[in-house]
Amino acid sequence: MSMTSGCRRFSIHRLAHYCLDVAELLGTDRIVPVVIFLRGGHYATELRLGSERRAYLAFAYLAYAFRQQQARDHFGSPNLIARLNLPNMRHPRSERVAVYAEAVRGVLEVDIYAHLSEEERMIYQQEHAPEAAAISGFAERFLRQGAAIGEARGEARGEARGEARLLRQLLTKRFGKPSELIERRLETADAETLALWFDRALEARALEDIFYD
């Protein structure tokens, strides 16, 4: 069982009460409470009720404070929760763009890990059209903005390689390992072209629907 909280709103007494209610409701004593703190601060991690001679109630939980983590240590992490919370971790102001970019990559990789079939993907696009359109536009905007920042810093090719890697993962998940021809196109394409291909890949039924001129 896990929960997310800010330190000022968190109450270990309410958490203990909640855990006792859940244990009674489910008829179990196997409860492992985990609390994720998005902000820094001080918080009690143990609760002891009793007298000087004996504790009649002892309660503790697992605490994970993102603000105490270094963002760079979680770049490329397979843990998507950690990736999405990179902006909540510690990082110098000079790395804010890089941290934001890595968190966005975590958002985009949700599609890769979803394991949706083609039929399920079509149902999603029909029933959740606004979200699908938003993700598509967001992906294109992110890739283009990332390329612009890279060019300003003389790192456009490095950014393009990262975008190509993300697109390669999406292609592999949907259509299998890319051929040598497609690999060469990914390696030589600029950021704008990669953004176009990524947008097409989100809805394409075949590779031909992505790489046409």
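What counts, and where the lines are drawn
- Residues numbered from 1 in each chain as written.
- Predicted model: local features only at pLDDT ≥ 70, side-chain atom pairs only at ≥ 80, totals over all residues.
- Heavy atoms only, no water.
- Helix = DSSP H or I, 4+ residues; strand = E, 2+ residues; numbered from the N terminus.
- Contact = heavy atoms within 4.5 Å.
- Areas by Shrake-Rupley, 256 points an atom, 1.4 Å probe, with all protein chains shown as cover.
- Polar contact = N/O pair within 3.5 Å; in protein donor to acceptor, adjacent residues only side chain to side chain.
- Core = buried A, V, L, I, M, F, W, Y, C linked by side-chain atoms within 4.5 Å.
- Buried < 20%, exposed > 50% of the residue type's maximum accessible area, 1.4 Å probe, protein only.

Draft legend 1. Expanded view of the overall build of the protein chain. Scanning the protein chain from N- to C-terminus turns up eight helices and five strands. The order of α-helices and β-strands along the protein chain, N terminus first, is β-α-β-β-β-β-α-α-α-α-α-α-α. Sequence-distant contacts, at least 24 apart, represent 59% of the contacts inside the protein chain between residues at least 6 apart. Here the protein chain displays about 13,700 Å² of accessible surface, and carbon together with sulfur accounts for 52% of that area.

Draft legend 2. Here's a closer look at the environment of Phe-75. On the secondary structure map, Phe-75 appears in the loop between β5 (62–65) and α2 (80–84). For the pair formed by Phe-75 and Arg-105, sequence separation is 30 residues and the distance between their alpha carbons is 10.0 Å. Not counting chain neighbours up to four residues away, the residues in contact with Phe-75 comprise Leu-86, Ala-98, Val-99 and Glu-102.

Draft legend 3. Inspection of the side chain of His-74 at higher detail. Take His-74: it is sitting in the loop between β5 and α2. At 3.4 Å, the side chain of His-74 forms a polar contact with the side chain of Gln-69. Among residues more than four places away in sequence, those in contact with His-74 are Tyr-64, Gln-69, Ala-82, Arg-83, Leu-86 and Met-89.

Draft legend 4. Representation of the nonpolar core within the structure. Grouped together as the largest cluster of nonpolar side chains are 18 residues, with contacts concentrated most on Leu-167, Leu-171, Leu-186 and Trp-197. For this core, the secondary-structure elements that each account for two or more residues are α3 (96–113), α6 (156–175), α7 (180–188) and α8 (191–201). Looking at this core, the element that brings in the most residues is α6, giving five residues. For Leu-167, the contacting residues outside a window of four places in its chain are Leu-186, Leu-194, Trp-197, Phe-198 and Ala-201. Membership of the second largest hydrophobic core comes to eleven residues, among which are Ile-12, Val-35, Leu-47 and Ala-65.

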